[in-house]
Amino acid sequence: MVTPLCEEKLAGRRVHWLEDEAAFRSALGEMEALLALRPPRELWAGAHRLRLIQTAGAGVDAVLPAPDLPASVQLANARGVHAAQMSEFAFAMMLALAKRIPEALERQRARKWQMYGPHQLAGRTCGILGLGAIGAAVAERARQFGMRVIATRRGGAPSPVADEVLPPSGTE
């Protein structure tokens, strides 16, 4: 399944949509570049022409360690690309829980029309594991909602988007 946008942007190049491990194995020897969310870690022995693996996510932990990946292959991620939508999703979930939306929907299904009190996010504490692009975007939104932000960050260096920053060992 190659989208029209891919066909347009990659005109003149062969594009493969690989849906399973067998398809991946059969195309690996021809591949020059790979765009994937979670490529396999241990199937790289036949990747003689591969020059680039571009992950669709913010990290490369889905790829590494990959002992049989040729050293010449460049590995890139999509850091920052998903920050806005992921932070919005995080806040949608926080608001749903604070406003007790699951309970409201259940009461509606059960036709129970009793009053109950929702909570607010202001004054609460938001804990964030990792202040990368997504974590920083969540922290900025949390501050806009009047929340206290405690976050972890490699090295524990302070950040203007967090009230307190701890090293990863601070979560133990």
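Residues numbered from 1 in each chain as written. Predicted model: local features only at pLDDT ≥ 70, side-chain atom pairs only at ≥ 80, totals over all residues. Heavy atoms only, no water.

Take the packing of aromatic side chains next. By the definition in use, this model includes two aromatic pairs. Plain terms: the ring middles of F24 and W44 are 5.5 Å apart, the flat faces sit at 85° to each other, and that makes the pair edge-to-face. Here F24, found in helix α2 (residues 21-27), pairs with W44, found in the loop between β1 (33-36) and β2 (52-55); they are 20 residues apart in sequence, far enough to count as distant. Assigned by exposure class, F24 and W44 land together as buried. Ring centres 4.9 Å apart and planes at 20° place the aromatic pair F91 and F145 in the stacked group. Here F145 lies in the loop between α5 (133-144) and β5 (148-152) and F91 lies in helix α3 (residues 83-98), a separation of 54 residues in the sequence. On the basis of relative accessibility, which here comes to 4%, the residue F91 falls in the buried class. On the basis of relative accessibility, which here comes to 35%, the residue F145 falls in the partly exposed class. (Phe/Tyr/Trp six-rings, centres within 6.5 Å; stacked < 30°, edge-to-face > 60°. Helix = DSSP H or I, 4+ residues; strand = E, 2+ residues; numbered from the N terminus. Buried < 20%, exposed > 50% of the residue type's maximum accessible area, 1.4 Å probe, protein only.)

Function cannot be inferred from these measures alone, as they are strictly geometric.
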